[in-house]
Amino acid sequence: MTDRILIIDFGSQVTQLIARRLRELNVYCEIHPFQNVTDGFLAEYAPKAIILSGGPASVTDEGSPRPPYSIFETGIPVLGICYGQQVMMHMLGGQVESGHKTAEFGRAYVSPGAESLPLLEGWFSEGREQVWMSHGDHVSAIASGFEVYGTSPNAPFAITGDAARNFYAVQFHPEVHHTPNGRRIYENFIDLAGCKRDWTMGAYREEAIEKIREQVGDKKVICGLSGGVDSSVAAVLIHEAIGDQLTCVFVDHGLLRQGEAEEVVTMFRDHYNMQLIHADEQDLFLGALEGVSDPEEKRKTIGRLFIDVFQKHANEIDGAEFLAQGTLYPDVIESVSFSGGPSVTIKSHHNVGGLPEKMGLKLVEPLRELFKDEVRRLGVELGLPKHFIGRHPFPGPGLAIRCPGEITRDKLDILRQADAVYIDQIRRHGLYDEIWQAFVAILPVRTVGVMGDGRTYDYACALRAVTSVDGMTADYYPFSHEFLGETATRIINEVKGINRVTYDITSKPPGTIEWE
Ligand code: XMP
């Protein structure tokens, strides 16, 4: 079995980054909420080491989260971060206090203690090291057996450790970008745990293929292929495992980008030799959307039809027992919720949740353990073209939500052409990979223009380009004026039906990335 590290989550905003850092170092790890980590779980999971994450609670509060005490009795290394550090000290006999004065948020500098520690091997440069702090509470007395190995002006116990028992506790967050050398601490911790760094995409591919074969046996699998990175990688991986036992259903709702349907069909059917049903349902979708201009109604109409169409085609596949989905690790991690209560629906997202139960299908989810960039690496490993793997995200409802107001075939054609010119511009200028997502929205207004000697009365469009990490927040991309001018000229010259181009400089929040 691959060596693995267990991350016990106490609800920090940055717990996922701990997992990212370890995986970048080719170590397999999983995040589990503290409530699920019982003695039985630990015995079965058999981690090589444990990391206790940060979190918003205060250990001085009654009922605040704790890991089971047995984590300190198994003899494996434990690293506590922020709240993890405090909970560790508290449980091992130290003291934690709350207090305004010693709260620290943001950049701080840690200086070394008198002795060195293997965890800090090669870490301190120039006598001190920049770290990122974010804590209200602080440790006021360390547990017996612990020594101080680093201090900051507001955190006298910034780094402590009990080298004999392999327990380490840091007040700052080594996983964030603002602790520039944090990776070194994780590297050293991995070495102290004797963890092999052998978790590579090649190894993952082999293991995943074995698991799929074991799960599916000689049964059939259906996969909804959207042409997006996740479903494409899942399909290619499953195809490699079980060949023609897999059938993909590609629903063309008429809201795809220029050349997209052809590209998907050619690649998967001709290049990968997959059984692929190309469900050309453009008339059905566009017919149902006629006269619909409310964004939520559009989304719901598309979502409902999508499920109907998918189900219709899937039912034609005799004896299918499994449905493949490109679910990723961030969707699977159970988050530790302290606030409770439902959050507001901003947009109803397009998904096929609920379908497997309705159709009596079991799920195959070979990407459940991967982050998005790992899926991209797996895609490259499986031979998917780089430009395909690196494509910007594209929403399930497609161009419908980039065409505010009523959708017509004419508007969609104009939008597709303008979008193709814009993306071509971005690629030509070498900006594609710097931008998280870029697209054109066609606006529901016509404006007056003059071209040659004549008057025009055509649509206006908006260019959108954002930088983001996860789509939850975003900033507009700062194109140069030259780039914007050149792109506007090209769109107006090359796309009949558009005579005005604007650039959307709204960040998210308060805007959203898509227009609807
Ligand atoms: P918003 O517009 O909410 O979008 O800021 C955030 C990210 O989500 C994508 N998006 C969707 N993706 N189904 C999807 O698969 C949807 O219904 C959907 N709506 C928005 C959007 O493109 C952006 O990347």
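Here the structure is a predicted model, which means the values were calculated and not measured.

With respect to the overall build of the protein
Argument step 1. Looking only at helices and strands, one finds 15 helices and 20 strands in the protein.
Argument step 2. Overall, the protein is about 85 × 60 × 40 Å in size when its C-alpha atoms are taken along their principal axes.
Argument step 3. When the 516 residues of the protein are sorted by exposure, 54% land in the buried category.
Argument step 4. Taking contacts inside the protein between residues at least 6 apart in sequence as the whole, the part at least 24 apart equals 77%.

Regarding the site of the ligand
Argument step 1. In the neighbourhood of the ligand, 14 residues make up the surrounding shell, with Lys347, Gln437, Lys508, Ile513 and Glu514 lying closest.
Argument step 2. With respect to the ligand, the backbone of Gly396 contributes an N or O atom lying 3.3 Å from a nitrogen atom.
Argument step 3. Note that an oxygen atom of the ligand is positioned 2.5 Å from one of the side-chain N or O atoms of Glu514.
Argument step 4. Here the ligand has 500 Å² of accessible area as a free molecule, and 84% of this is covered by the chains.
Argument step 5. Looking at the shell around the ligand, its residues break down into four nonpolar, six polar and four charged.

Examining the nonpolar core
Argument step 1. If you look at the biggest cluster of nonpolar residues, it comprises 52 residues, and the most contacted ones within it are Ile222, Tyr422, Ile426, Phe479 and Ile491.
Argument step 2. When residues of this core are assigned to their parent elements, the largest contribution, eight residues, is made by helix H14 (residues 409-428).
Argument step 3. Beyond its immediate sequence surroundings of up to four residues, Tyr422 is in contact with Ala438, Phe439, Val440, Leu463, Arg464, Ala465, Phe479, Phe483, Thr487, Ile491 and Tyr503.
Argument step 4. With 44 residues, the next largest nonpolar core counts Ile212, Val216, Met267 and Phe268 among its residues.

Some details on the state of the cysteines
Argument step 1. Within the structure shown, the criterion is met by zero disulfides.
Argument step 2. Looking at Cys82, it has no disulfide partner, and the nearest cysteine sulfur is the one in Cys29, 19 Å off.
Argument step 3. Among the residues examined, Cys82 registers a relative accessible area of 5% and is labelled buried.
Argument step 4. Note on Cys248: no disulfide assigned, nearest cysteine sulfur contributed by Cys223 at a separation of 4.4 Å.
Argument step 5. Among the residues examined, Cys248 registers a relative accessible area of 0% and is labelled buried.

What to know about the packing of helix H5 (residues 201-216) against helix H12 (residues 372-381)
Argument step 1. The geometry of H5 relative to H12 is characterised by a closest axis approach of 10 Å and an angle of 80 degrees between their N-to-C directions. With respect to H12, the element H5 is oriented roughly perpendicular. Along the contact surface, H5 presents Met201, Gly202, Tyr204 and Arg205, while H12 presents Glu374, Arg377, Leu378 and Glu381.
Argument step 2. Residue composition of the contact of H5 with H12, by class: three nonpolar, one polar and four charged.

Details of the environment of Ala169
Argument step 1. Positionally, Ala169 belongs in strand E11 (residues 167-170).
Argument step 2. Exposure remark for Ala169: the relative accessible area of 0% places this residue in the buried category.
Argument step 3. Spatially, the C-alpha atoms of Ala169 and Gln86 are 8.1 Å apart, while their sequence positions differ by 83 residues.
Argument step 4. When neighbours within four sequence positions are excluded, Ala169 is seen to be in contact with Gly80, Gln85, Met88, Met89, Ala158, Ile159 and Thr160.

What counts and what doesn't
Residues numbered from 1 in each chain as written. Predicted model: local features only at pLDDT ≥ 70, side-chain atom pairs only at ≥ 80, totals over all residues. Heavy atoms only, no water. Helix = DSSP H or I, 4+ residues; strand = E, 2+ residues; numbered from the N terminus. Buried < 20%, exposed > 50% of the residue type's maximum accessible area, 1.4 Å probe, protein only. Contact = heavy atoms within 4.5 Å. Near = heavy atom within 4 Å. Polar contact = N/O pair within 3.5 Å; in protein donor to acceptor, adjacent residues only side chain to side chain. Areas by Shrake-Rupley, 256 points an atom, 1.4 Å probe, with all protein chains shown as cover. Nonpolar A, V, L, I, M, F, W, Y, C, P; charged D, E, K, R; others polar. Core = buried A, V, L, I, M, F, W, Y, C linked by side-chain atoms within 4.5 Å. Disulfide = S-S within 2.5 Å. Axes fitted to C-alpha atoms, helices over the stretch in contact; angles between N-to-C directions. Parallel < 35°, antiparallel > 145°, perpendicular 65-115°, else oblique.

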